[in-house]
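Residue-level structure breakdown
One-letter residues, chain by chain:
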Amino acid sequence: MVVTYLKWPRALHYRTRMVLLGEDHAGTWLGTRRGNQIESPNGQTSPGASQDSITLFPRELGWSARWYSERATVGRASKYRSYVDITTPPEVTETDVQLVDLDLDVVKTWDGDVALLDEDEFERNRLARGYPVRVVRDALKSGSNVREALLGHTFPFDGSAQPYMDMWFRLDQSLAEEGAETRR
C-alpha cells in the first residue's frame, strides 16, 4: 500500500510503501522493512527505515503507531520501541493511506520511558500554518490519550500488536532462512 504523510493543510511530508498485514477492529496494520524507501517532497528517495516495523492506522482516531522489531544502531529505532505520530484520522482505501502529520509525537523508549515530543514544533506550525481550533484541540487530546495508553499499557499498547509483530518479524526470519537454503 502507498502511505502518504502530509503536512497541514495537505502538502506532501513523505510517501512510502508498506505491506498490508491485516485489518481488525483496531484498524489497518501495515509492515515496513529496514531500508524501505521514502519519497520526500522534492521527489528524492532515500532509505527511511532503520529497522523492520509494523504500523497501526486506527479507525477514526488521530494518530498512527509504529512498533520496531528490535533496537537499531541509528534512527528512531535506536531510541524508541514505539513511536506514535499525532495526525488527522487516517483515510484508508484498498490501495493507500493518507493522513496529516500534526507534529506532536508520543514515544516509548527501549527502557520503558514515555514522552510527548515536538510540542515546540506543534506550536510554531499551529501559528504559521493556521491549524483550526478543532484540529489543535483534537491533536492535544490525541497526544494525551496516547501518552496515557502507553503509560497504562492499555489498548493498543497492551500487547494487541503482538500477533502482527510475530507474523511480520517471523516472516522476515523465515524468508531469510529460505533464501539461505536456496543458495546452498
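Let us look at the structure shown here. (Residues numbered from 1 in each chain as written. Predicted model: local features only at pLDDT ≥ 70, side-chain atom pairs only at ≥ 80, totals over all residues. Heavy atoms only, no water.)

1. Considerations on the overall build of the protein
Along the protein, the regular secondary structure elements total 3 helices and 12 strands. For 184 residues, the compact-globule formula gives about 16 Å, and the C-alpha radius of gyration of the protein, at 17 Å, lands near that figure. Evaluated residue by residue, the protein yields a buried proportion of 44% over its 184 residues. If you take every contact in the protein between residues at least 6 apart in sequence, the share linking residues at least 24 apart comes to 51%. Charge centroids of the protein, computed over 23 positive and 28 negative side chains, lie 2 Å from each other. (Helix = DSSP H or I, 4+ residues; strand = E, 2+ residues; numbered from the N terminus. Rg over C-alpha atoms; globule rule 2.2 N^0.38 Å. Buried < 20%, exposed > 50% of the residue type's maximum accessible area, 1.4 Å probe, protein only. Contact = heavy atoms within 4.5 Å. Lys, Arg positive; Asp, Glu negative; His and termini not counted. Charge placed at Lys NZ, Arg CZ, Asp CG, Glu CD.)

2. Here we look at the nonpolar core
Of all hydrophobic cores here, the largest spans 31 residues; its most connected members are Trp29, Ile54, Trp67, Val84, Ile86, Val146 and Phe157. Those elements that place two or more of their residues in this core are β7 (53-58), β8 (63-68), β9 (80-87), β11 (96-109), α2 (133-152) and α3 (162-183). For this core, the element with the highest residue contribution is α2, accounting for 6 residues. In this view, Trp67 contacts Trp29, Asp52, Ser53, Ile54, Leu56, Arg81, Ser82, Pro156, Phe157, Ala161, Met165 and Phe169; residues no more than four positions away in its chain are not counted. Core analysis: the second largest hydrophobic core is formed by 9 residues, Met1, Phe57, Val97 and Leu99 among them. (Core = buried A, V, L, I, M, F, W, Y, C linked by side-chain atoms within 4.5 Å.)

3. Regarding the side chain of Asn125
Here Asn125 is to be found in helix α1 (residues 119-129). Ignoring sequence-local partners within four residues, the contact set of Asn125 consists of Asp103, Gly130 and Tyr131.

4. A word on the pattern of salt bridges
Inspection of every chain in the model, using the stated rule, returns 11 salt bridges. Here Glu121 and Lys7 are joined by a salt bridge, their closest N and O atoms 3.8 Å apart. Taken as a pair, Glu121 in helix α1 and Lys7 in strand β1 (residues 2-7) lie far apart in primary sequence, 114 residues in all. A relative accessible area of 24% places Glu121 in the partly exposed class. Among the ionic pairs, Arg33 bridges to Asp52, the shortest N-O distance being 3.3 Å. Separated by 19 residues along the polypeptide, Arg33 in the loop between β4 (27-32) and β5 (37-39) and Asp52 in the loop between β6 (45-47) and β7 bring together distant segments of the chain. The class for Asp52 is buried, based on a relative accessible area of 5%. Taken together, the shared-partner salt bridges connect Lys7, Asp101, Asp103 and Glu121 into one network. (Salt bridge = Lys/Arg side-chain N within 4 Å of Asp/Glu carboxyl O.)

5. Some remarks on the packing of aromatic side chains
Where two aromatic rings form a pair, the distance of their centres and the angle of their planes describe that pair. The full count for this structure, using the stated rule, is 9 aromatic pairs. Here the aromatic rings of Trp8 and Tyr131 are separated by 6.0 Å at their centres, their planes lie at 70 degrees, and the arrangement is edge-to-face. Remark: Tyr131 occurs in the loop between α1 and α2 and Trp8 occurs in the loop between β1 and β2 (11-17); sequence separation between them is 123 residues. In this structure, Trp8 and Tyr131 share a single accessibility class: buried. Among the aromatic side chains, those forming a connected cluster through ring pairs are Trp29, Trp63, Trp67, Phe157 and Tyr164. When the ring centre of Trp168 is taken as reference, the NZ or CZ atom of Arg33 above it lies at 3.5 Å. Above the plane of the ring of Tyr83 lies Arg76, whose end atom (NZ or CZ) is 3.9 Å from the centre. (Phe/Tyr/Trp six-rings, centres within 6.5 Å; stacked < 30°, edge-to-face > 60°. Lys NZ or Arg CZ within 6 Å of the ring centre and 35° of its normal.)

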